[in-house]
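Here is what each chain is made of, one letter per residue.
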Amino acid sequence: MLQRECLAPGVHLNCIPADKFNRCRISLHFRFPASREKATDQALLPLVMDRGYAACPDMTQLSRKLARLYGAALSVETSMQGASRVLSVSITGIKDRFALNGEALTAEYAAIAFGVAFEPYFENGCFSREAVEIEKTTLARQLESEINDKRLYCVRQARRKFFGDSPAGIERDGYLADLPAVTCESLTAVYQEMLRTAQLDVICMGADEAVVRRMILEKLAGIQREPAQLENYLYMPAQPTEHFREEMDLVQAKLCMMFTWNQCAKPEQLNAFRLAMSVFGGSTTSRLFLNVREKQSLCYYCASRFASPTAFMMVDSGVEPANAEKAEQAILKELENLVNGPITEEELENSRRGLLSGMTSVGDSLAGLENWYYNEILRGGVINTPEQAASQLMQVSAEDVRQILAGFRYSVGYLVTKKEEPSHAE
Amino acid sequence: MQNEPMQAVRAAVACEALTLENGLTVLVRPMPGYSGVHAIYGTRFGSIDLEFEVDGRRVSLPAGVAHFLEHKMFESEDGDAFAKFARTGASANAYTSFDKTCYLFTATQQVDESLDILLSMVNEPYFTKETIQKEQGIIGQEIKMYDDSPDWRIMTGLFGCLYHNHPIRNDIAGTVESIAQITPEMLYDCCKGFYNPGNMVLAAAGNITTDQVLAACKRAKLPAKPAQVKRIQPQEPETVAKERLEFSMQLAKPCLGVGFKEAPVEGAKAEIICDMLTELVCGGMTDFYRSLYDQGLVNPGFGGEFLVLDGCCCFLFTGETDQPEKVRGLLMDEIERLRKEGVDEELFTLCKNQSYGEMLQDLENIEDSATALAGSFFRKRSLTEEIEALASVTRQEVDEALQTMLRPERSSTVIIWPKQEENA
């Protein structure tokens, strides 16, 4: 389904058929090494780029331009992939056939996405000082507000303890303490470095491929490219389990458990990991859902997930403060039971059916298609279609699942819980 | 509107609609080229339905029954519905809102079997004292999870301030105390009153045909005749119950909510105008939002929403801000300015354009399509009627609505302060 074309070193155009959809989508994914030193600049970059570009520098005018295009959605976001950072510029909008006045919408979408990515609004060769200062305030507020979402806060704290100083632990949103030092000059330097060193994947779904190809070549023409070599996989070594506890004013405690696989995950093991997660805690037929949540009523949510670039498994749950320890033991017991006890044919096949169903429906949404194929690209090596992955999934056995789960070592347990009442007056 | 795009739009919103003899509404959109099917079986029964008459008998419920019932529907005498769906490979879920409860699945294989499970889990209820007690523990955990969410607390705080008696004052899931009062008899009464085909919709979209859906309805042996149910809503004064509520939570930044209580509105056009008003007052395209944002007064999440239910209609403007009083004052001033000067013609046109694009977006995926179909049943109008209503809205109508809506005398304010500031 995916047509991948190398246009220059480290630059690929990826076209995915999207005839059946009402909308089309163009995404530019810049992938480059994450840097602790420049993390806050790299985190601020999407916020400033999202405000406008040379041909439409004003944020409000850009919002209006998108509304004029029948509510086209523009996003500039950053995410972490192991030791790499990805900055993605995406635009999605309705196809030309729905334009009420015959406008050439898809050409406009391409002009906006490439404009935002390659022609930002500069004043005297730099991002606008005013825009940078405003977005620094926004980012500071965002960083300070982390505690408002207790579940996310707990997960992030657990990750911090788990990754420590590893490049995989660099904060996606940067660091509050580094924010004052960010300037329009430093931000511009980080932007230009990204253009120079990033692996660029453009994904085109339902838009004019010839226009997109031409734009890529035009925009890259003036850039001295030196694409960086990126590591796809890493892992955190096993360590004695460390427990952390934080008390605050809340009603439901949050428990996040981090496990390392203690070696890099290999692409060919991916479907065994998928099935292992589904059986352990990634589905409504999983042991964690059925036993810890439903039978023992120890938590409202309790789910496991695995990140292949960094080979870690996370189990996060919302628990009664008094039951936190009991829930932790119950989760560990379920893992042990799967490693040392029987895995029934029924639970294995239920999980497999659920995963197969998900793979079959990847092609039913623009987001599903893009996520699937860009993740395949990120993994490196052969790009599997959902059908090929489904065929590999059929080969995964209960023993494969057991071996995957047996490899996990419990490294960090982070509990955010209710403040204990003081036993005496100070 | 030009003819060609309108033909494309008509094709995009097309669906097969029929009402069965027993009263069940069936809406199907076959979507060629799609692999999956998304099906929703929904009832007009939500958390605000606390008083009703069924077969001439009056029933009063404690808060949280609709949501509790949703959880219980996954159990039957012959096992858990999740386990049955797992055997077909379908991914199942359910949700309860203020005015509806929906059960749904997505599947790519054994669709007929999944439809059978969906229809039977709702039509063959099974409750005992023991299974009810077990569910109280799980739902208690869910209630506690929402208690820690500032967004949720702002919203429920606003409903509590705006309304004297309307059941929207209650949390959808109820409280630990209210769900402790639930009995099997109450649940059976709800099933009789609201889980009857005349009050329900079966909507499906994707790789499916109407014949498949009708065959499943036939196999399900649904009740032959709709039961007679009469909803009873308490009298609600026009005034707000409370002008202001402030409390503290463990937060980094204060949260502000400003709500406006409105007279009930009816019809697609009126609701579209209300939706537009939230965008025209403080949406991302307005100079007002830009000014708040550039001054660092609000986060990108600041914005408005509109809610209409039986006996309840309100606007909510919410977001994080360091200066809640200042932002509240500026919001009130902006609404007054718009009332006096009228809304900007260009912005109005852009809002219409945007809404049109959003409607098409909502008809693209199987999940969104089935949700849009079911939504049209709950709103009692077709998607075509909604698109036509959008095309016919004029700026003058929006200006007229502003004369009676968003009045300061019918507003309430909720502020959540960070806990540490209280101690400072």
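Residues numbered from 1 in each chain as written. Chains lettered and ligands numbered in written order. Predicted model: local features only at pLDDT ≥ 70, side-chain atom pairs only at ≥ 80, totals over all residues.

1. Digging into the overall build of chain B
Each helix and strand counted, chain B has 17 helices and 16 strands in total. For a compact globule of 424 residues, the expected C-alpha radius of gyration is about 22 Å, and chain B comes in at 23 Å, within 12% of that figure. When the backbone C-alpha atoms are referred to their principal axes, chain B occupies close to 60 × 60 × 40 Å. The buried share of chain B, taken over its 424 residues, is 50%. (Helix = DSSP H or I, 4+ residues; strand = E, 2+ residues; numbered from the N terminus. Rg over C-alpha atoms; globule rule 2.2 N^0.38 Å. Buried ≥ 20, exposed ≤ 12 C-beta atoms within 10 Å, placed from the backbone.)

2. Some remarks on the overall build of chain A
Each helix and strand counted, chain A has 14 helices and 13 strands in total. Taken over C-alpha atoms, the radius of gyration comes to 23 Å for chain A, in line with the 22 Å a tight globule of 426 residues would show. Oriented by its inertia axes, the alpha-carbon framework of chain A measures out at about 60 × 60 × 40 Å. By the burial criterion, 49% of the 426 residues in chain A qualify as buried.

3. A short note on unusual backbone geometry
In the Ramachandran plot, Ala311 of chain A falls in the positive-phi region, its phi being about 50° despite a non-glycine side chain. Tracing the chain through its elements places Ala311 of chain A in the loop between strand 11 (299-307) and strand 12 (312-319). You will see that Gln110 of chain B, though not glycine, has its phi angle at about 45°, which is positive. Its location among the elements puts Gln110 of chain B in the loop between strand 9 (101-107) and helix 4 (111-123). For Gln110 of chain B, a count of 17 C-beta atoms within 10 Å corresponds to the partly exposed category.

4. Thoughts on the domain arrangement of chain B
Residues and elements named next belong to chain B. Each domain of chain B was delimited in the assignment, giving domain 1 (10-231) and domain 2 (244-423). Distance from the C-alpha centre of domain 1 to the C-alpha centre of domain 2: 28 Å. Contacts between the two partners involve 38 residues from domain 1 and, on the opposite side, 31 residues from domain 2. Of all the elements in the fold, those that place two or more residues in the side of domain 1 that touches domain 2 are helix 1 (3-13), strand 2 (25-30), strand 3 (37-43), strand 9, helix 6 (150-162) and strand 10 (200-206). (Domains from an automatic or database assignment. Contact = placed C-beta atoms within 7 Å.)

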